[in-house]
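A look at the structure
Now for the letters of each chain:
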Amino acid sequence: MASLLKINNVTMQFGGLRALGDINFEIVEGEIFGLIGPNGAGKTTLFNCVTGVYAPTEGAVEFDGAPITGKRPDQIVEIGICRTFQQIRLFPNMTALENVIVGADARHKTSVFGALLRSPRRKREEAHAEEEALRLLDFCGVKRFANDLGRNLSYGDQRRLEIARALATTPKLVLLDEPAAGMNPAEKNGLRDLVRKIRDDGTTVLLIEHDMKVVMGLSDRVAVLDHGEVIAAGLPEEVQSNPKVIEAYLGTGASGAAGETDEPGVADEDTASSQQQSATARQPEGKS
Amino acid sequence: MAQNTNLRVYLDNNYPKTSGRLPDGVVKVLQGPFALWFKIGYGRYLFGLLIMIAIPILIDPEIIPAFEGLDSPIPFIQGGFGIRVLVVTGIWILLALGLNVVVGMAGLLDLGYVAFFMLGAYTTAFMTSSGGDDQFHIVVWPNIASLPFAVLVCVLAGVALGIPTLRLRGDYLAIVTLGFHEIVRQTANNLTITNGSRGIPGIERPDLGFPESIGGFSTEFGVLSSHTYWLFLLIPAIILAVIMIRHLEDSRIGRYWTAIREDEVAASAMGVPVVKMKVLAFAIGASTSGVAGWIFAGYATFISPNNFPLLYSILILCAVVIGGLGSISGAVLGAILVTGLPEVVREASGGQTVFGFDPETGRIAIFGFLLIVVMIFRPGGLLAPRRRRVELSEAGAAEGVIVDESAGKQKDQLAGSATLTETRQKGDT
């Protein structure tokens, strides 16, 4: 299997803060790759570097053999990477269907003149957009909300809608930023099935997740970030028993708990609650 | 769910129902002619042609030799003055349609829209003025030849304003566009080439180049000397603008604009070329005001910077807001109200004072009062587009959770956008 995404020595510096330092890993086509790490480890920053929101200070991101560093977010979508957001960012006042259609439009080519003159291509693409959007809403299990406003969907359904919207851009690689955050156990199970279905449909998945059950159950391979560095990478079982990982999640002196696989999941409970705080706490240097 | 080839029809049939304060029946009646017009397929072009011919004849039957001596059957516009108001209204409809694209559809608050109008008018003046001293001439061309240039200059100005202001949004963009208007106006006020505040006289009227008579019909409207003849130019321009904007709205371009307005960061992550789409919105918006400027210059034959005060920028924005942000029919109605209403108030008062108050001088005040009333009872505008109607009616219906959520989202959006901009700048340097 060929490597799809290659992250080469990516470093991201915000002023004096080194959010990412010399990150290296590869994602192979057709796998589900889990990216975990405590809050503030730099997972979302890495997502932003891959999707063109940030240009990495150093290093390069390669996709399908071609460098994509420095490209704009919309160009990166065109190349075949799409993402969801940690804090849901739907178009709140568009219906679910319209949300997904905007994603599908990324693959369409109707120009201004085509739109003005109602070219046959526009007609074809409009029909395709609708068909595709309904199919994806069905695929993600939110078809019954097709004509509800995005913001009126429940939290879990909004997450699913966001995934549908990302899939509508027909990406080769989809980046899911904490898709299970805030979901109840039943919803999490449903999400796991959905992510597997996405992979089985031929889309490679890069997943940031806090819930250890979800990430360990789903991922083919896992990388662990801490303080902007990859501290472990490999198969889920290897990573789980890695003392460095346990230290990052539970702190030093907790190595006694190393044998219990569910332990990091327990730590997850309070990290999830402080997640909101740390997300905003890391913003101020950008805000000022 | 049936598969439709026409997405708009699907959305029309399936959009969430509203429960606004004003019954939607009122909106349906007002929007009816518009909706009907777009429903009749290609027949609408024929229908448009009919409107184009019928309205000027209704307004001034004398342009047909057979109706010599007849006055218009419509009361308010009898006797010449009303026609002038109609021409101005037509120009304002064009302006409102363009501004509606920028503000209503793409969500870019533009407070200096009249600058484009002014550029269109001055371009025409430069190219066709034959009066006064020669110092401000560039060329003297027939008026009609200056139309593409007026539009081109406006589009380029739209792009020129769009590119440096792309990172700004909301209030900041409003201030910049306000400044842009003043820059354009003061430049025209101070340059010798524009003849300063004395303005440019002697602008040529368009000559459509018809022979003097066709089959017994006098075709003196080839040269647009009478006010009525201008409607032959304005109405097609408006119809064309409406069709063009509607087509854009119904395509991926229109959806992209909505997406940018809703959440710019998410839009760009979904493959929307935000920069291109914003510049496009500015350019499309500017193009209709280029046409409006060209018509205005030819109609007035004299222009000076005083013809383009800041108040006009505000009033056009008012027109768009009253009509309903993002609604094409709303923009048309808004423009009619903003230009027509003060004149109706003037006419109706007949020079008498009401409660010691002269409606003629106070008509802008009356108008301001009406604006407040409209905004209180119909915050989305008189003919709010479907999306806004749903948005506003539901915001009132379910407070609590939704309000909290959207507040949080907004905060997040601010933080996100700040970091985005900062890193972009970092990337540029």
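Definitions and cut-offs
- Residues numbered from 1 in each chain as written.
- Chains lettered and ligands numbered in written order.
- Predicted model: local features only at pLDDT ≥ 70, side-chain atom pairs only at ≥ 80, totals over all residues.
- Heavy atoms only, no water.
- Helix = DSSP H or I, 4+ residues; strand = E, 2+ residues; numbered from the N terminus.
- Buried < 20%, exposed > 50% of the residue type's maximum accessible area, 1.4 Å probe, protein only.
- Contact = heavy atoms within 4.5 Å.
- Areas by Shrake-Rupley, 256 points an atom, 1.4 Å probe, with all protein chains shown as cover.
- Phe/Tyr/Trp six-rings, centres within 6.5 Å; stacked < 30°, edge-to-face > 60°.
- Lys NZ or Arg CZ within 6 Å of the ring centre and 35° of its normal.
- Axes fitted to C-alpha atoms, helices over the stretch in contact; angles between N-to-C directions.
- Parallel < 35°, antiparallel > 145°, perpendicular 65-115°, else oblique.
- Left-handed = near helix turned anticlockwise from the far one by under 90°.
- Lys, Arg positive; Asp, Glu negative; His and termini not counted.
- Salt bridge = Lys/Arg side-chain N within 4 Å of Asp/Glu carboxyl O.
- Polar contact = N/O pair within 3.5 Å; in protein donor to acceptor, adjacent residues only side chain to side chain.
- Pairing = 2+ DSSP bridges.
- Patch = residues over 30% accessible without salt bridge, like charges linked within 9 Å, V, L, I, M, F, W, Y side chains within 5 Å.
- Expected span 1.5 Å × (residues − 1).
- pLDDT = per-residue confidence, 0-100.

1. Quick word on the overall build of chain A
Across its full length, chain A carries 12 helices and 10 strands. Out of the 288 residues belonging to chain A, those deemed buried represent 58%. For chain A, the proportion of contacts with a sequence separation of at least 24, taken over those separated by at least 6, is 67%. For chain A, the accessible area works out to roughly 11300 Å², and carbon and sulfur atoms hold 49% of it.

2. Overview of the packing of aromatic side chains
By the definition in use, this model includes 10 aromatic pairs over all chains. Plain terms: the ring middles of Phe14 of chain A and Tyr54 of chain A are 5.2 Å apart, the flat faces sit at 80° to each other, and that makes the pair edge-to-face. Placement of Phe14 of chain A in strand S1 (residues 3-14) and of Tyr54 of chain A in the loop between helix H1 (43-50) and strand S4 (58-63) is noted, with a sequence separation of 40 residues between them. The residues Phe14 of chain A and Tyr54 of chain A share a single accessibility class, namely buried. For the ring pair Trp92 of chain B and Tyr312 of chain B, a centre distance of 5.2 Å and an interplane angle of 75° mean the geometry is edge-to-face. With Trp92 of chain B in helix H4 (residues 81-105) and Tyr312 of chain B in helix H12 (residues 310-323), the pair connects residues that are 220 residues apart, well separated along the chain. We classify Trp92 of chain B as buried; its relative accessible area is 7%. Through pairs of rings, three or more aromatic residues link up here, namely Phe117, Tyr122, Phe126, Phe296 and Phe308 of chain B. The ring centre of Phe91 of chain A lies 4.7 Å from the NZ or CZ of Arg165 of chain A, which sits over that ring. Sitting over the face of the ring of Phe139 of chain A, Lys197 of chain A holds its NZ or CZ atom 4.7 Å from the ring centroid.

3. Side note on the packing of helix H5 (residues 114-128) of chain B against helix H6 (residues 146-162) of chain B
Residue and element names in this part refer to chain B. Across the interface, H5 lies against H6 with an axial gap of 8 Å and an inter-helix angle of 140°. Considered as vectors, H5 and H6 are oriented oblique to each other. For the pair H5 and H6, the crossing hand works out as right-handed. In this structure, H5 contributes Phe116, Leu119, Gly120, Thr123, Thr124, Met127 and Thr128 to the contact, and H6 contributes Ser146, Phe149, Ala150, Val153, Cys154, Ala157, Gly158 and Leu161.

4. Brief notes about the environment of Ala174 of chain B
All names here are of chain B. Tracing the backbone shows Ala174 in helix H7 (residues 171-190). Between the alpha carbons of Ala174 and Val274 there is a distance of 18 Å; along the sequence they are 100 residues apart. Residue contacts for Ala174: discarding those within four places in its chain leaves Leu109 and Leu111.

5. Things to note about the side chain of Glu209 of chain A
Residues and elements named next belong to chain A. If you trace the backbone, Glu209 turns up in the loop between strand S8 (204-208) and helix H8 (212-218). Despite its burial, Glu209 remains without a salt bridge, the nearest opposite charge being carried by Lys188 at 6.4 Å. Side-chain polar atoms of Glu209 contact the backbone nitrogen of Asp211, separated by 3.2 Å. Excluding its chain neighbours within four sequence positions, the residues that come into contact with Glu209 are Leu35, Ile36, Glu178, Pro179, Ala180, Ala181, Val214 and Val215.

6. Overview of the sheet that holds S1 of chain A
All names here are of chain A. Pairing in this open sheet of four strands is antiparallel, and the strands run S2-S1-S4-S5 from one edge to the other. This sheet does not close on itself; its edge strands, each paired only once, are strand S2 (17-28) and strand S5 (66-67). Relative to S5, S4 runs antiparallel, the two sharing two bridges. Considered in S5, the bridge of Phe63 is made with Ala66. Contacts from H1 reach S1, S2 and S4 within the one sheet, and its direction differs from that of S1 by about 115°.

7. Structural notes on a nonpolar patch on the surface
Residue and element names in this part refer to chain B. On the surface, Leu46, Leu49 and Ile53 cluster together into a nonpolar patch covering about 280 Å² of accessible area. The topology assignment puts Leu49 in helix H3 (residues 43-59). By relative accessible area, which is 43% here, Leu49 ends up partly exposed.

8. Topic: helix H11 (residues 274-300) of chain B
Residues and elements named next belong to chain B. With 27 residues, H11 should reach 39 Å at 1.5 Å per residue; the first-to-last C-alpha distance of 39 Å fits that figure. In terms of burial, H11 is a largely internal element, 23 of the 27 residues being buried. Directly beyond the C-terminal end of H11, a positive phi value near 60° is found at Thr301.

9. Here's the deal with the side chain of Asp74 of chain A
Along the chain, the position of Asp74 of chain A falls in helix H2 (residues 73-79). Those residues in contact with Asp74 of chain A that lie beyond four places of it in its chain are Ser268, Gly271, Val272 and Pro273 of chain B.

10. Concerning the packing of helix H9 (residues 252-262) of chain B against H11 of chain B
Residues and elements named next belong to chain B. As a packed pair, H9 and H11 sit with axes 10 Å apart at the nearest point and diverge in direction by 110°. In terms of orientation, H9 lies roughly perpendicular with respect to H11. Along the contact surface, H9 presents Ile253, Tyr256, Trp257 and Ile260, while H11 presents Val274, Met277, Lys278, Leu280, Ala281 and Ile284.

11. Focus: the confidence of the model for chain B
All names here are of chain B. When pLDDT is averaged along chain B, the result is 76, and 65% of the positions lie at 70 or above. Mean pLDDT values for the elements of chain B range from 40 in helix H16 (residues 401-428) up to 93 in H9. Residue range residues 1-5 is modelled with pLDDT below 50. Its contacts to residues more than four positions away, or to other chains, number 12 contacts. Across residues 395-429, where pLDDT falls below 50, the model places 37 contacts with residues more than four positions away in sequence or in other chains. If you check the scores for this complex, the pTM reads 0.81 and the ipTM reads 0.83.

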